[in-house]
Amino acid sequence: MLSKLTVLLTSLALLLPPTQASAASHSGSDLEHLDRGLVATSTSEGVFLSWRLLGPEATGHSGHGLTGTDFAVYRDGRRIAKVTDSTNYVDPAGTPTSRYRVVSLVNGRERDRSATVTPWANGYTELPLRKPADGVTPVGETYTYSAGDMSVGDVDGDGQYEYVVVWNPSNAKDVSQVGYTGNVYVDTYETDGTLLHRLDLGVNIRAGAHYTQVLVYDFDGDGRSETMLKTAPGTKLTTYDRSGRVKSQRYITMPAADRRAGYSNQDDYRVSKADYYDHLVDLFLQWKQQPEVKSGQWPATLEAAFGIPNRYSYPLNTTDAQALVDHFMDVYAPARSARNQLRSFEGFILSGPEYLSVFRGSDGKELQTIRYEPGRTDDGLRWGDYAMARIEPGNRVDRFLAGVAYLDGKHPSAVFARGYYTRTTLATYGWNGHRITKGWAIDSGWTPMTNPFNDSPHGRDGTDPTYGSITTQGFHSLSAADVDDDGRQEIVYGSATIDDDGSVLYSSKDVLPPGSAAPGELARLGHGDAMHVTDIDPQRPGKEIFTVHEGATSAPYGYALRDAWTGEVIYGEYSGRDTGRGMVGDILPDQPGLETWAMRLRTADGDALGTAMPGTNQSIRWAADMTTQIVNGTTPTIEDWRRGTLLSAEGTLTNNGTKGNPSLVADIFGDWREELLVRTADSSAIRIYLSTERTDRKLYTLMHDLQYRVEVARQQTTYNQPSYTGFYLGSDLDWSKVPLIR
């Protein structure tokens, strides 16, 4: 459906100056200093070479690529080729022992030389890993470790990326699942597999996709990446020498106020079954002190909340509070849902300090630790965790997201978020090399409930008059993109977008259609699992957002393509169910723009192409012609919608269960195409696959596009989403629209 407002805005936009995506240039002052990234591998046709064109090296456009810098290829010290139309070369005379170097040519004169490389054997290389030891939970359950999500950053300023690997225990949990988990570890490795340091997040950070989001980025612009993430008492950093022996171990520095209050790094806030029972007793003893009870918003007695006759005097004594807890656990909760087995509730962290820490990437040194904001406030009672049929303490309260954004257009900020179903909060931070600086912070306020034990907290405005509309709009990821073409990035928070200054740009709603829960009513587009932000339809001005939605009969759409500037729906389709997955990509080069698919396959401008669709877990730019491929399966394959299987990564595994994500998909070296990083089946290594199709398309490294670079930094957040450029990238690319970097 194309709204009248969208038609009007589109018509007006056609009269305006070109958008940033079609402008002649953009600033690259904040981009990483990268080396040539030369790699080589043996193929059936000879030795395939791939290297970077750096952003500032491109000064013009041609019909098939960017111009400004050409390259000379050397084998064993002898110049064997000049390459002008790409950043690939196939040497049919190359051998496994050949040594290669690439030299840039500007106006025919040789400039900088790359490092010398020798060929890989099989189209991939492996990064050796050091697996953590197995563990045992407090209730005697054993667990093992596997390598999980990854990020990259140049931690030592040499122009090459180092690798940050998150280790997840085999008992990692979704935030709604009961049970203890093992500790989470975050390792930093050099390219040869040298382990520089290991961060043990400790017992007070639960393991699971929703809890730990690791930001690896050069926040202070000194050419070396830092690591910023949520920590807690007990988080410990171990460093290693070149031989792999432990060099030092140190807990994080807790804020002085917490040390004075008696908190320590030996604290354990994990809740046992008995602890949780006692926690509820304490909660019930304080019922009359709840602000919402005092104001009359919530029932005056717990009996009224549970729908039973009043029988106790308030404030409760311990015996009466225990009787009400027994009723709640054994009668009320199971009657709401057979899944409510609160006597088995354990393993969650419902109290204790929460921190935000910055670590130096090169040696892991803790640079600063501050309190994580916003805090949890309670165990999820006000967040709605007790209000639905499924009672899930510690669920909505502990949904975290993180990303990097250039909010001022010049400097990167870290974005940390808590909540998206009900109360929704975001806070922004900088790192200036000396201390953490706080930017803007926003908070929707609590979603009002008449009864915290029996109400629907979703789809309601929060109490904050400015930000109340963004509740229930967040997804399991976020994106940073300049949606209004002002040179500053916004935060696309699912169905809402936050402007660079922290104001609400929009919170998208539409009318519920026939067959829905309330036909004719205006409703939020709401929450969903998958979101993609880029220039999807190059025939329209600006960027678009493609989202899928799980609101079922309460959501106007199962999926929707929206104008990224206004939030208006361009097209979409009602589903009446939880639409779980969706993807965009150029899988049909005979169709203009990127195709979209969720319930069906559609062209960029909305024409339906049938219900047969590619996979939806992860995409990759692997082919020579700039089309999009899909990563599928537990043992991953790379699939092309027209040509079939292009790669089978035998002996490796994807992550995150049914999500089937590689550890990382990113342009970490070589030409503009993305590499596939996946763990070996035994997690002894990360295998890095390189596309060896020779391309005649000459584009700078995707890591020198600001949107793509911050998307890589946030790719591992919760439900991993692909990384997208700030300009249109497809097989029908108009090269004159590719922004040049000053």
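Residues numbered from 1 in each chain as written. Predicted model: local features only at pLDDT ≥ 70, side-chain atom pairs only at ≥ 80, totals over all residues. Heavy atoms only, no water.

Caption draft 1: Just the domain arrangement of the chain, in detail. We note that the domain assignment places domain 1 (39–122) and domain 2 (273–345) within the chain. A straight line from the C-alpha centre of domain 1 to that of domain 2 covers 70 Å. (Domains from an automatic or database assignment.)

Caption draft 2: Focus on the packing of aromatic side chains. If you walk through the whole model with that rule in mind, you get 28 aromatic pairs. On the basis of an interplanar angle of 90 degrees and a centroid distance of 6.4 Å, the ring pair of F284 and F453 is categorised as edge-to-face. Of this pair, F284 sits in helix 3 (residues 273–285) while F453 is found in the loop between strand 27 (436–443) and strand 28 (479–481), placing the two residues 169 residues apart along the sequence. When its relative accessible area of 1% is taken as the criterion, F284 is described as buried. Note on F306 and Y332: the rings are 5.0 Å apart at their centroids and 40 degrees apart in plane angle, and the pair reads as tilted. Linking F306 in helix 5 (residues 302–306) with Y332 in helix 6 (residues 318–336), this pair joins segments that are 26 residues apart in sequence. An aromatic cluster is present here, built from F284, W287, W298, F306, F328, Y332, Y386 and F453 joined pairwise through their rings. Residue placement shows K659 over the ring face of Y719; its charged tip is 4.3 Å from the ring centre. (Phe/Tyr/Trp six-rings, centres within 6.5 Å; stacked < 30°, edge-to-face > 60°. Helix = DSSP H or I, 4+ residues; strand = E, 2+ residues; numbered from the N terminus. Buried < 20%, exposed > 50% of the residue type's maximum accessible area, 1.4 Å probe, protein only. Lys NZ or Arg CZ within 6 Å of the ring centre and 35° of its normal.)

Caption draft 3: Geometry of the environment of P589. Here P589 is to be found in the loop between strand 38 (583–585) and strand 39 (595–597). In this structure the C-alpha to C-alpha distance between P589 and G459, which are 130 residues apart in sequence, comes to 39 Å.

Caption draft 4: Main features of the packing of helix 3 against helix 6. Interhelical geometry of helix 3 versus helix 6 gives an angle of 120 degrees and a closest axis separation of 9 Å. By the angle between their directions, the pair helix 3 and helix 6 is classed as oblique. As helix 3 runs across helix 6, the sense of the crossing is right-handed. Contacts between helix 3 and helix 6 involve Y276, Y277, L280, V281, F284 and L285 on the former and, on the latter, T318, A321, Q322, L324, V325, D326, F328 and M329. Here the contact of helix 3 with helix 6 is built from residues that sort into 11 nonpolar, 2 polar and 1 charged. (Axes fitted to C-alpha atoms, helices over the stretch in contact; angles between N-to-C directions. Parallel < 35°, antiparallel > 145°, perpendicular 65-115°, else oblique. Left-handed = near helix turned anticlockwise from the far one by under 90°. Contact = heavy atoms within 4.5 Å. Nonpolar A, V, L, I, M, F, W, Y, C, P; charged D, E, K, R; others polar.)

Caption draft 5: Highlighting the nonpolar core. By size, the foremost hydrophobic cluster in this structure holds 120 residues, and its most contacted members are I491, I668 and L699. One finds L280, V293, A321 and F453 within the second-largest nonpolar core, a separate group that totals 34 residues. (Core = buried A, V, L, I, M, F, W, Y, C linked by side-chain atoms within 4.5 Å.)

Caption draft 6: Representation of the pairing of strand 25 (residues 413–418) within the structure. Burial of strand 25 is extensive: 6 of the 6 residues sit out of reach of the surface. In terms of strand pairing, strand 24 (residues 400–405) meets strand 25 through 6 bridges, oriented antiparallel. When the sheet's bridge partners are listed, F400 is paired in strand 25 with R418. The pairing of strand 25 with strand 26 (residues 425–431) spans 5 bridges and is antiparallel. Across the sheet, residue F416 finds its bridge partner in strand 26, namely A427. Two successive antiparallel strands, strand 25 and strand 26, enclose a turn made up of 6 residues, where G419 displays a positive phi of approximately 90 degrees. (Pairing = 2+ DSSP bridges.)

Caption draft 7: Structural context of the sheet that holds strand 38. Taken together, 3 strands build an open sheet; the order of strands is 38-39-40 and the sheet is antiparallel. The open sheet has two edge strands, strand 38 and strand 40 (601–602), and neither has a second partner. Judged from the 2 bridges that link them, strand 39 and strand 40 form a sheet pairing that is antiparallel. What sits directly across from T596, in strand 40, is R602.

Caption draft 8: Inspection of the sheet that holds strand 9 (residues 100–106) at higher detail. An order of 7-6-9-10 is seen for the 4 strands of this open sheet, with the pairing classed as antiparallel. Either end of the sheet is taken by a strand with one partner, and the two such strands are strand 7 (78–83) and strand 10 (109–113). Within this sheet the neighbouring strands show an average axis-to-axis angle of 35 degrees, counted without direction. As defined by bridge partners, strand 6 (residues 70–75) adjoins strand 9 across 6 bridges and the pair is classed as antiparallel. From the neighbouring strand, V73 faces strand 9, where its bridge partner is V102.

Caption draft 9: Quick peek at the pattern of salt bridges. Going through the model one piece at a time under the given rule, you end up with 45 salt bridges. Note that R418 is salt-bridged to E354, the shortest N-O span being 2.9 Å. Highlighted residues: R418 in strand 25 and E354 in the loop between helix 6 and strand 22 (355–360), separated in sequence by 64 residues. There is no split in this pair, since R418 and E354 are both buried. When the shortest N-O distance is used, the salt bridge between R423 and D443 registers 2.6 Å. With R423 in the loop between strand 25 and strand 26 and D443 in strand 27, this residue pair connects regions lying 20 residues apart in the sequence. With a relative accessible area of 8%, R423 lands in the buried category. Three or more residues joined by partner-sharing salt bridges are found here, namely K230, E354, R376, D398 and R418. (Salt bridge = Lys/Arg side-chain N within 4 Å of Asp/Glu carboxyl O.)

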